[in-house]
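Structural overview
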Amino acid sequence: MENEAHKIFTEYLKYHKHRITPERFEVLDFALNNEGHFTADELYVDMKQNNSNVSRATIYNTLELLVDCRLLVKRNFGDGKTTYESNFRRGSHDHLICTTCGEIIEFHAPEIEEIVKRVCDELGFIPSGYSFNIYGICKDEDACEKKKSKSSYAPKRRKKS
Ligand SMILES: [Zn+2]
Ligand SMILES: [Zn+2]
């Protein structure tokens with residue numbers, strides 16, 4: 001899986017005359033192996049804990065390059081933090097965000113894409129992306145309270161296939 005992503009990123013870096021460095025590919029691998037939604041700082045902590053020496057600045061600017069070449073997408077879940085997630089071989093999806101415990105649930109509803117397409121057709125607009133977030137609270141109050149109390153960030157790792 002990583003090899004195709006590496007190819008896409010290599011082509012992109014060459015085309016835009018950015019330097020091809022092992023650190024940038026390290027960031028790519030960590031980002032794509034993260035199954036959830038993460039901030040640049042969370043990725044930094046995750047990489048540090050896995051004995052990586054990549055600097056915070058390199059992580060920040062590499063994430064921007066990965067968004068630019070569409071291997072990652074940037075999300076804003078209303079808390080003012082820039083969050084990233086893998087866009088490599090992933091279908092489009094939208095999010096439910098619990099404003100109490102911070103849980104983010106992904107869902108896919110093709111009707112939303114149809115609405116985006118119809119509105120853009122009607123208004124003569126070419127969409128490059130859209131974001132549809134539903135804010136609210138978990139129905140299961142106990143589970144919500146528990147999730148709220150364990151605040152430390154634990155990355156969800158994608159299983160290597
Ligand atoms: Zn998502
Ligand atoms: Zn909740």
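Residues numbered from 1 in each chain as written. Chains lettered and ligands numbered in written order. Predicted model: local features only at pLDDT ≥ 70, side-chain atom pairs only at ≥ 80, totals over all residues.

Once that is clear, we can look at the overall build of the chain. The helix and strand tally for the chain stands at six helices and five strands. Reading the secondary structure of the chain in the N-to-C direction produces α-α-α-α-β-β-β-β-α-β-α. In terms of overall dimensions, the chain has C-alpha extents of about 45 × 45 × 30 Å along its principal axes. Of all 161 residues assigned to the chain, the portion counted as buried reaches 14%. Contacts spanning at least 24 positions in sequence make up 57% of the contacts within the chain whose residues lie at least 6 apart. (Helix = DSSP H or I, 4+ residues; strand = E, 2+ residues; numbered from the N terminus. Buried ≥ 20, exposed ≤ 12 C-beta atoms within 10 Å, placed from the backbone. Contact = placed C-beta atoms within 7 Å.)

What follows covers the domain arrangement of the chain. Parsing the chain into structural domains produces domain 1 (2-86) and domain 2 (94-149). The C-alpha centroid of domain 2 is placed 23 Å from the C-alpha centroid of domain 1. In this complex, domain 1 contributes four residues to the contact, which on the side of domain 2 involves six residues. (Domains from an automatic or database assignment.)

Once that is clear, we can look at unusual backbone geometry. Look at Lys17: it is not a glycine, yet its phi comes out positive at around 55 degrees. Here Lys17 shows up in the loop between helix H1 (2-15) and helix H2 (22-33). Among the residues examined, Lys17 registers 6 C-beta atoms within 10 Å and is labelled exposed. For Arg70, which is not a glycine, the phi torsion comes out positive at approximately 65 degrees. Its place among the elements puts Arg70 in the loop between helix H4 (56-68) and strand E1 (72-76). Judged by the 13 C-beta atoms lying within 10 Å of it, Arg70 is partly exposed.

Let us look at the nonpolar core. Core analysis: the biggest nonpolar cluster contains 17 residues, and Leu28, Ala31, Leu43 and Leu63 have the highest contact counts within it. Looking at this core, the elements that each hand over two or more residues are H1, H2, helix H3 (40-49) and H4. Looking at this core element by element, the count peaks at five residues for H2. Beyond its immediate stretch of four places on either side in the chain, Leu28 contacts Ala5, Phe9, Leu66 and Leu71. (Core = buried A, V, L, I, M, F, W, Y, C linked by C-beta atoms within 7 Å.)

To continue, consider the confidence of the model for the chain. Residue-level pLDDT values for the chain average 91, and 92% of them are 70 or greater. Here helix H6 (residues 141-149) is the element of the chain with the lowest mean pLDDT, 89, and H4 is the one with the highest, 97. (pLDDT = per-residue confidence, 0-100.)

Attention shifts here to the sheet that holds strand E3 (residues 94-98). Spatially, the three strands line up as an open sheet ordered E4-E3-E5, and their pairing is mixed. Strand pairing shows two members of the sheet lacking a second neighbour, strand E4 (104-107) and strand E5 (133-136), which therefore form its edges. Each adjacent strand pair in this sheet contributes to an overall mean axis angle of 20 degrees, direction not counted. In the sheet, E3 pairs with E5 via four bridges, with the strands oriented parallel. Each bridged residue has a counterpart across the sheet, and for Ile97 the counterpart in E5 is Tyr135. (Pairing = 2+ DSSP bridges. Axes fitted to C-alpha atoms, helices over the stretch in contact; angles between N-to-C directions.)

Bridge count for E3 against E4 is four bridges, and the pairing is antiparallel. Bridging across to E4, Asp94 finds its partner in Phe107. Count of turn residues in the E3/E4 antiparallel hairpin: five residues, of which Gly102 carries a positive phi of about 85 degrees.

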